[in-house]
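Letter by letter, the chains look like this.
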Amino acid sequence: MAANQLDEVNLSDVAVGGQIHEDVMDQIFDVSPVDRPFCDMIGSDTSENHLKSWVRESLEAANKDNARVDGSSSAGLDDTVTGERISNYHQIMSKTVRVSDRGRSSDTIGSSDELIRQLMKRQKAARRDEEAALVSGNAAVEGNGTSVASKLAGIGSWISTGQGSTNADRGAGGADPILSGNPGGFPTTAATAGTKRALSETTIKSMMRVAYENGGNPSVAMSTPAVIEVLSDYLFTSSARVATLQSDVDNSNRTDNATGGGRSGGGVVAQGSVNILVTNFGTLELVPNRFQGDSSTGAADLYLLDPELWERSYLQGYETKELARDGLGENREITVDVTLCSLNEEGNAIVADIDYALAGTA
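Below is a short write-up of the structure. What you see is a predicted model; the values in this text were computed from it and never measured.

1. Structural notes on the pattern of salt bridges
One pass over the structure, following the stated rule, counts 16 salt bridges. Two residues, Arg312 and Glu130, come together in a salt bridge whose shortest N-O distance is 3.7 Å. Of the two residues, Arg312 is situated in strand 12 (residues 310-322) and Glu130 in helix 4 (residues 114-134); the sequence distance between them amounts to 182 residues. No difference in accessibility class separates Arg312 from Glu130, as the two residues are buried. Notably, a salt bridge pairs Glu319 with Lys321, separated by 3.4 Å at the nearest N-O pair. For Lys321, a relative accessible area of 29% puts it in the partly exposed group. Here the salt bridges share partners, and the residues they tie into one network are Asp101, Arg325, Glu330 and Arg332.

The structure is reproduced here in structure tokens:
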């Protein structure tokens, strides 16, 4: 105690918990990201069964010698072709919320009703789970209705499943995913990770060419933040075989402390990253995905994607269901039933097993 007075320390030390009201901000700060780059860039469809199917077919190779004799018979000629039936299983994702009656009535930080707040947060969490599943390397799982849940096949188990596909570049020992029908069916065997290696500009360019030749127009290079950083840093080096690094940034036209080129906020911008790469076969936007996992320890895959060739399909959209009341509490469950449709995996490409501890190479 300070001389001749009762001070704040004495009040804080009063048993039990002291006599000082805590100064707590009436707000909860959520630092968890909820952006979903892949879900946001692709289309959406609806389903009528837990096994979503579609038919993929392709034209035969162009024939420069396609010529007929005038007046010749068509007997015995038949140029009709059939495709292959492709499928993916739906995956049910859920979040369960249980809040007691007293919990709902209590004066809690950041909320007037904790049940409502929990439902809002858990729906965001479920959407994160959806993004993670779609961009994963998971193979499809049929499920048995009792002990095994069905699961959707993510991007990593679709690319390079076509017959004779060359749209995957993998490390030594790596293997492509396999369809159940081979051809046709759904991805039952996930890709096998190979020996991790440095990112290569040559490989990216080669895979872009293959995807283009297969009918795709990749416009997104998507991977983990670590791999995107490696690619961006490499493009600043003297080894990068790019014609010119160019800048196009608004309000970056001020040349001294007094001028702004007539625009408020004008200033000199120091750029430390590249987020657009122009190749011979398309312009790629470098997109980091927080929810894309590693393919193996210290390594991740780089997806070269044509967003037009992917869709997510819902057998059941996001719903909040009221569960049976269990005593003195409210119970809710958020569910979604979704799958991923790969409309033409060959129009995309993958550069696999990139060691993000190594600098990029030519």
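2. Some points on the sheet that holds strand 13 (residues 329-342)
Taken in spatial order, the four strands make up an open sheet running 1-12-13-4, and their pairing is mixed. Strands at the two margins of the open sheet, each flanked by one partner only, are strand 1 (43-46) and strand 4 (91-100). Adjacent strand axes in the sheet meet at a mean angle of 30 degrees, parallel and antiparallel pairs treated alike. Sheet topology places strand 4 next to strand 13; 10 bridges connect them, and they run antiparallel. Considered in strand 13, the bridge of Arg98 is made with Asn331. Across the sheet, helix 4 is in contact with strand 4, strand 12 and strand 13; its angle to strand 4 comes to roughly 160 degrees.

3. So, the packing of aromatic side chains
For the coordinates displayed, the defined rule picks out four aromatic pairs. The ring of Tyr318 carries the charged tip of Arg127 above its face, separated from the ring centre by 4.1 Å.

4. Structural notes on unusual backbone geometry
We note that Ser160 has phi near 80 degrees; this positive angle belongs to a residue other than glycine. Here Ser160 lies in the loop between helix 4 and strand 5 (168-169). Exposure remark for Ser160: the relative accessible area of 4% places this residue in the buried category. Within the chain, Asp353 stands out as a residue other than glycine whose phi angle is a positive 60 degrees. Within the fold, Asp353 resides in strand 14 (residues 349-355).

5. As for helix 5 (residues 201-213)
Because each turn of an α-helix spans 3.6 residues, side chains separated by three or four positions in sequence point in the same direction. Counted at 1.5 Å a residue, the expected span for helix 5 with its 13 residues is 18 Å, and the 19 Å between its end C-alpha atoms agrees. Within helix 5, the full set of buried residues consists of Glu201, Thr203, Ile204, Met207, Met208, Val210 and Ala211. Packed against the buried residues of helix 5 are strand 5, helix 6 (225-234), strand 9 (276-279), strand 10 (282-288), strand 11 (299-305) and strand 14. For helix 5, the capping residue at the N-terminal end is Ser200, with a side-chain oxygen 3.3 Å from the backbone nitrogen of Thr202. Immediately beyond the C-terminal end of helix 5, within one or two residues, lies Gly215, with a positive phi of roughly 100 degrees.

Definitions and cut-offs
- Residues numbered from 1 in each chain as written.
- Predicted model: local features only at pLDDT ≥ 70, side-chain atom pairs only at ≥ 80, totals over all residues.
- Heavy atoms only, no water.
- Salt bridge = Lys/Arg side-chain N within 4 Å of Asp/Glu carboxyl O.
- Helix = DSSP H or I, 4+ residues; strand = E, 2+ residues; numbered from the N terminus.
- Buried < 20%, exposed > 50% of the residue type's maximum accessible area, 1.4 Å probe, protein only.
- Pairing = 2+ DSSP bridges.
- Axes fitted to C-alpha atoms, helices over the stretch in contact; angles between N-to-C directions.
- Contact = heavy atoms within 4.5 Å.
- Phe/Tyr/Trp six-rings, centres within 6.5 Å; stacked < 30°, edge-to-face > 60°.
- Lys NZ or Arg CZ within 6 Å of the ring centre and 35° of its normal.
- Expected span 1.5 Å × (residues − 1).
- Polar contact = N/O pair within 3.5 Å; in protein donor to acceptor, adjacent residues only side chain to side chain.

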